[in-house]
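# Report on the structure
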Amino acid sequence: MNRKISFSAGEYYHIYNRGVDKRVIFNQKSDYERCIALLYLSNTSKPIDLKRGFDASDPKIFFTKKSDTLVDICAYCLMPNHFHLLIKEKSKDGKGISLYMQKLTTAYSMYFNARNGRSGTLFQGPFQAKHADKDHYLKYLISYIHLNPIKLIDSDWRENGIKDRKKAEHFLDEYAYSSYKDFNGIERSQSTILTKGSLPEYFESPVSFKENIKEWLSFKDFNFLA
């Protein structure tokens, strides 16, 4: 499937992809940790050693010095069989996102295939992208991406409304495989993945971000802009 979109410097894009045949691509905690580490390490124009062994749970990874970053990573969420990223293109030629995604998905695919004794394509074709060309859509995407994990405990909440809001809020607070904790003001090493200040200042504080999330949890048709 070919993308009918080109990338422009200074613009924001919702990037997403899933496992081929909707297969699970994150089987266990170490898989998530590896991909999150690669989110950080792949964001450079310099070559990275795709065969290098490293402990993805080591917080020092996220303080590895990098120059010439390709993109600004604004938000992310990893789900068992897919992922979402909100990225700002930095390269003047508009090729930063494509190069970043190539490095990220290649590195993770090599790791996953080696770990699971498989070969071949892991992801369902080229990554997909939507241009966040409207301010209200860009703000919406921040919530949309971070609310994805609720589907793991309440699969049809977007269509039928949330069944247990307190349970959903607690689940999001504890979910480790997205940038939700970073927006929520939790200090952790993974915060260096995000480029602080790259997004417009939609939320004055972690409290205002959390209040915005609570408002979305009260909607019965969350996908109206998707």
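In short, a report on the structure.

The rules behind each value
Residues numbered from 1 in each chain as written. Predicted model: local features only at pLDDT ≥ 70, side-chain atom pairs only at ≥ 80, totals over all residues. Heavy atoms only, no water. Helix = DSSP H or I, 4+ residues; strand = E, 2+ residues; numbered from the N terminus. Contact = heavy atoms within 4.5 Å. Core = buried A, V, L, I, M, F, W, Y, C linked by side-chain atoms within 4.5 Å. Buried < 20%, exposed > 50% of the residue type's maximum accessible area, 1.4 Å probe, protein only. Phe/Tyr/Trp six-rings, centres within 6.5 Å; stacked < 30°, edge-to-face > 60°. Lys NZ or Arg CZ within 6 Å of the ring centre and 35° of its normal. Expected span 1.5 Å × (residues − 1). Arc of directions from axis to C-beta. Pairing = 2+ DSSP bridges.

### Some words on the environment of Ser-8
- Turning to its location among the elements, Ser-8 is positioned in the segment before strand E1 (12-18).
- It is 8.9 Å that separates the C-alpha atoms of Ser-8 and Lys-88, two residues lying 80 residues apart in sequence.
- The residues contacting Ser-8, other than those within four sequence positions of it, are Tyr-13 and Glu-89.

### Digging into the side chain of Asp-31
- Summarising the element assignment, Asp-31 is placed in helix H1 (residues 29-41).
- Apart from the residues lying within four places of it in its own chain, the contact partners of Asp-31 are Phe-26, Tyr-108, Tyr-111, Phe-112 and Arg-115.

### Concerning the nonpolar core
- Ile-15, Leu-85, Leu-86, Ile-97, Tyr-100, Met-101 and Tyr-108 are the most contacted members of the largest nonpolar core, which has 69 residues in total.
- Those residues in contact with Leu-86, other than ones at most four positions away along the chain, are Tyr-13, His-14, Asp-72, Ile-73, Cys-74, Ala-75, Leu-138, Leu-141, Ile-142, Ile-145 and Leu-199.

### Structural notes on the packing of aromatic side chains
- A full pass over the atoms with the stated rule returns 18 aromatic pairs.
- Their ring planes at 50° and their centres at 5.2 Å tell us that Phe-26 and Tyr-108 sit as a pair that is tilted. Taken together, the positions of Phe-26 in the loop between E1 and H1 and Tyr-108 in helix H2 (residues 96-116) put the pair 82 residues apart, joining distant regions of the chain. Of the two residues, Phe-26 and Tyr-108, both sit in the buried class.
- Ring centres of Phe-83 and Phe-123 lie 5.8 Å apart, and the angle between their planes is 85°; this geometry places the pair in the edge-to-face category. Taken together, the residues Phe-83 in strand E3 (residues 82-89) and Phe-123 in the loop between H2 and strand E4 (128-131) connect sequence positions 40 residues apart.
- Overall, Phe-123 belongs to the buried group, its relative accessible area being 8%.
- Aromatic ring contacts, followed pair by pair, group Phe-26, Tyr-32, Tyr-108, Tyr-111, Phe-112, Phe-171, Tyr-175 and Tyr-177 into a single cluster.
- Above the plane of the ring of Phe-54 lies Arg-34, whose end atom (NZ or CZ) is 4.0 Å from the centre.

### Quick word on helix H7 (residues 206-217)
- Taking 1.5 Å of rise per residue, twelve residues should cover 16 Å, and H7 covers 17 Å from first to last C-alpha, within 8% of that figure.
- Of the positions making up H7, those classed as buried are Phe-209, Lys-210, Asn-212, Ile-213, Trp-216 and Leu-217. The buried side chains of H7 occupy one side of the element, clustering within an arc of 155° when seen end-on. Opposite the buried face of H7, by more than 90 degrees, sit the exposed residues Val-207 and Glu-215.
- Its buried side turned inward, H7 meets helix H3 (135-147), helix H4 (157-160), helix H5 (165-174) and helix H6 (180-183).

### Considering the pairing of strand E2 (residues 71-79)
- Taken across its nine residues, E2 has nine buried, putting it largely inside the fold.
- Where E2 lies against E3, eight bridges are found, and the strand directions are antiparallel. The residue of E3 that forms the bridge with Met-79 is His-82.
- In this antiparallel pair of consecutive strands, E2 and E3, the connection spans two residues.

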